[in-house]
Amino acid sequence: MGTEESFCPSEEEIEKWMSSAFDMARQALQNGEVPVGCLLVYNHEVVGKGRNEVNETKNATRHAEMVALDQLQDWCRHSNLDVRCVCERTALYVTVEPCIMCAAALRLFKLPVVVFGCRNDRFGGCGSVLDVASADLPLTGNTFKCVSGHRAEEAVEMLKTFYRQENPNAPKPKTRKE
Amino acid sequence: MEPQRKRWKGSECGSDSWTVYPVLSDEQSKDLELVEAFAAPVLNKKETSRLLRELSSLYPMSGLQHIKRVRAVKGSPHPLEVLLCLVRDAPHMEVLSIDSLLPSGVKHDALGEPFRVKIPARPPLTRPQFEQAGKHWPTSFHEDKQVTVALRGELFTASQKASMHTHMMSALTAAKAGSELGMDAVGAVVVGSSTEKVIAVGHDCRGDHPLHHAVMVCIDLVARSQAGGSYYFDQYPACTFTPPASDTFQSIPSSLPYICTGYDLYVTREPCIMCAMALVHSRIGRVFYGTASADGALGSKYKIHTQKDLNHHFEVYRGVLGEQCEDLTSKEEVYRKVDY
Ligand SMILES: [Zn+2]
Ligand SMILES: [Zn+2]
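Residues numbered from 1 in each chain as written. Chains lettered and ligands numbered in written order. Predicted model: local features only at pLDDT ≥ 70, side-chain atom pairs only at ≥ 80, totals over all residues. Heavy atoms only, no water.

What follows concerns the packing of aromatic side chains. If you walk through the whole model with that rule in mind, you get 8 aromatic pairs over all chains. Taken together, a centroid distance of 5.8 Å and an interplanar angle of 65 degrees make the contact between Tyr42(A) and Trp75(A) edge-to-face. Of the two residues, Tyr42(A) is situated in strand S1 (residues 38-42) and Trp75(A) in helix H4 (residues 64-79); the sequence distance between them amounts to 33 residues. Residue Trp75(A) is classed as buried on the basis of its relative accessible area of 18%. Three or more aromatic residues joined by ring pairs form one cluster here, namely Phe156(B), Tyr266(B), Phe288(B) and Tyr317(B). (Phe/Tyr/Trp six-rings, centres within 6.5 Å; stacked < 30°, edge-to-face > 60°. Helix = DSSP H or I, 4+ residues; strand = E, 2+ residues; numbered from the N terminus. Buried < 20%, exposed > 50% of the residue type's maximum accessible area, 1.4 Å probe, protein only.)

Turning to the nonpolar core, a few remarks are in order. Within the largest apolar cluster, 105 residues are counted, with the highest numbers of intra-cluster contacts made by Tyr93(A), Met101(A), Leu265(B), Ile273(B), Met274(B), Val287(B) and Ile304(B). Counting residues per element, this core draws most heavily on helix H7 (residues 214-225) of chain B, at 9 residues. Judged by nonpolar contacts, the second largest core, of 21 residues, contains Met168(B), Met169(B), Leu172(B) and Tyr317(B). (Core = buried A, V, L, I, M, F, W, Y, C linked by side-chain atoms within 4.5 Å.)

Here we come to empty space enclosed by the protein. For the structure on display, the rule yields 2 cavities of 30 Å³ or more. The volume enclosed by the largest cavity comes to roughly 90 Å³. Contributing to the lining of the largest cavity are Asn59(A), Thr61(A), Arg62(A), Met66(A), His209(B), Leu211(B), His212(B), Met216(B), Val217(B), Asp220(B), Tyr231(B) and Phe233(B). Here the lining of the largest cavity gets 3 residues from one element, more than from any other, and that element is H7(B). Across the lining of the largest cavity, the residue classes tally to 6 nonpolar, 4 polar and 2 charged. (1 Å grid on protein atoms, 1.4 Å probe; cavity = no way out; pocket = protein on both sides within 12 Å on 5 of 7 lines; lining within 4 Å. Points joined across faces, edges and corners; volume = space filled by probe spheres on them. Nonpolar A, V, L, I, M, F, W, Y, C, P; charged D, E, K, R; others polar.)

All names here are of chain B. Listed as protein donors to the zinc ion (ligand 2) are His213 (ND1), Cys272 (SG) and Cys275 (SG); their distances from the metal cover 2.0 to 2.3 Å. Motif for the zinc ion (ligand 2), donor spacing along one chain: H-x58-C-x2-C. Separated by 62 residues along the polypeptide, His213 in the loop between strand S7 (198-203) and H7 and Cys275 in helix H9 (residues 273-281) bring together distant segments of the chain. For the pair His213 and Cys275, one class covers both residues: buried. (Donors = N, O, S within 2.8 Å, 3.2 Å for Na, K, Ca; no water.)

Turning our attention to the sheet that holds strand S3 (residues 70-72) of chain B. Residues and elements named next belong to chain B. Strand order across the open sheet formed by 4 strands is S3-S4-S2-S5, with antiparallel pairing between neighbours. With partners counted over all chains shown, the strands left at the sheet margins are S3 and strand S5 (115-120), one partner each. The sheet shows a mean angle of 40 degrees between the axes of neighbouring strands, direction not considered. As paired elements, S3 and strand S4 (residues 80-86) share 3 bridges and run antiparallel to each other. (Pairing = 2+ DSSP bridges. Axes fitted to C-alpha atoms, helices over the stretch in contact; angles between N-to-C directions.)

Here, the residues flagged by UniProt with the feature "domain: CMP/dCMP-type deaminase" (unreviewed entry) are residues 12-137 of chain A. Along residues 12-137 of chain A, the helical share is 43% and the strand share 19%, with 32 Å between the first and last C-alpha atoms. (UniProt positions renumbered as here; feature names shortened; annotations may be inferred.)

With that out of the way, let us pick up the pattern of salt bridges. Under the defined criterion, the tally for this structure stands at 25 salt bridges over all chains. The residue Lys303(B) makes a salt bridge to Asp26(B) at a minimum N-O spacing of 3.0 Å. With Lys303(B) in the loop between strand S10 (286-291) and strand S11 (315-318) and Asp26(B) in helix H1 (residues 26-29), this residue pair connects regions lying 277 residues apart in the sequence. When the shortest N-O distance is used, the salt bridge between Glu47(B) and Arg50(B) registers 2.7 Å. Each member of the pair, Glu47(B) together with Arg50(B), is buried. A single salt-bridge network, built from bridges that share partners, covers Asp23(A), Arg26(A), Arg151(A) and Glu154(A). (Salt bridge = Lys/Arg side-chain N within 4 Å of Asp/Glu carboxyl O.)

We now examine the interface of chain B and chain A. In this complex, chain B contributes 35 residues to the contact, which on the side of chain A involves 36 residues. The junction of chain B with chain A conceals about 3,000 Å² of combined surface from both sides, 62% of it contributed by carbon and sulfur atoms. Joining chain B to chain A, the criterion identifies 0 salt bridges. Put simply, the parts of the chain that give the side of chain B that touches chain A at least two residues each are H7 and H9 of chain B. Among the elements that make up the side of chain B that touches chain A, the one with the highest residue count is H9(B) (5 residues). The residue inventory of the side of chain B that touches chain A, partitioned by class, reads 17 nonpolar, 12 polar and 6 charged. (Contact = heavy atoms within 4.5 Å. Buried area = accessible area lost by both parts, 1.4 Å probe.)

Turning our attention to the sheet that holds S10(B). Residue and element names in this part refer to chain B. Strand order in the open sheet formed by 7 strands is S1-S11-S10-S9-S6-S7-S8, with mixed pairing between adjacent strands. Pairing within the sheet leaves two strands with one partner each, and these edge strands are strand S1 (21-22) and strand S8 (240-241). Taken together, the 5 bridges between strand S6 (residues 187-192) and S7 define a ladder with antiparallel strand orientation. When the sheet's bridge partners are listed, Val191 is paired in S7 with Val198. Against the sheet, H7 contacts S6, S7, S8 and strand S9 (263-269), and its axis sits at roughly 145 degrees relative to S7.

The next thing to look at is the pairing of strand S4 (residues 113-118) of chain A. All names here are of chain A. In terms of burial, S4 is a largely internal element, 6 of the 6 residues being buried. Inspection of the sheet shows strand S3 (residues 90-96) paired to S4 by 5 bridges, in the parallel sense. Looking at the pairing, Tyr93 lines up with Val115 of S4. Taken together, S3, helix H6 (residues 100-108) and S4 constitute a β-α-β crossover, and its handedness is right-handed. (Right-handed = clockwise from strand over helix to strand, strands pointing away.)

See the structure below:
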């Protein structure tokens, strides 16, 4: 665990990669897609970059994080590197807190750290609905560290705009009666 | 110690060899919680309704509407006892006495010496909870008949159990096929709950991909069956899907991503948290599993199917071919111990 504990991106890295993640999210929003940006970064290089592919695959588990994890595996294969060794020093940057499923997937890949923007009140697996990130689940990979709140309001705004556009395939957000 | 080998009973073992139980929410399955109250015998039965009226305006016991204020006591000189108030609502007293519990306005010479009792803090949701509650103080009970029958393991008819048996046998067969290829011995089957038609059969493939648990494989095979999907499991003969008949295919809106709506899942082992949440996202109808898992998320570590904040809930049953499913898992543990 020693090296994993000490692995954490610097402030500048967070600033830089989250800014790319937000660019991705904004692009998605302009294309009428779920505005979530998601990057896996290893050794200053993007090794996975995902967008939500639920609709085209008819598979409700194809969240941006799951797609990015597949890309990471492909990248490792092409670079002839061991997935486990790469994951140990890879960070996920994502504009919205990963859901319960994706948080568990990140544990199974043994990623040490996740940087995210806003909370995910409907499905969040890093504390909002459940805290899968730090739960005691010995058969489900490793716990990971969360760095949260980076440009959170901006991420929320994008989600709100998206749901206002009324994607017929997207579940309606919980509308709080005000 | 030589582990006792259970005889592999296989398909000749009938569907009466196992019992299926519902996996209920924590509220439904937890033990009774009690709260302390003061009660007193009614000395003059004729005063009962007046006492009740005055007591309930004085001490409304809010949140305890399930509690009957009066109970009958057999074999006592005073056959009725009435709840005065909760201990936490009572005024502070040096000595327990009716005078200090009730203000002078209330005429209480019809009441005997007050005493402490423990009463059920929450309304009973299941018959076992109701029976347990009644040992302390009588409560009302709005029985969910289906839950009562399910808890007795009698919810399903013999023919329903026979088809559950068949589907779990397919899941077991798939699990064994996967395990022969070095995968975890877990198999799963997706079935249309009204049509009984098998949509997909899959097994664990995590040797290739750490997330390809049997449930995730099945979810993608269901997507494949509807011209979607992200992976090819064609190299695994035991991972299969059945495309819907061309006439029914038209009736499935092509944009609908929640493809497991109206489907049942049979899986040999309780799904992990990732798979359980994947089933929420896929809007699965019901889940049947054979045996529990230490990290399981449909009963053991979590009960994702009853999780309050989530937007989809579903029924979960355990114990279908429980022994055979358990055998798979324990056999695997033996292998693992040899491996390391
Ligand atoms: Zn997710
Ligand atoms: Zn799983």
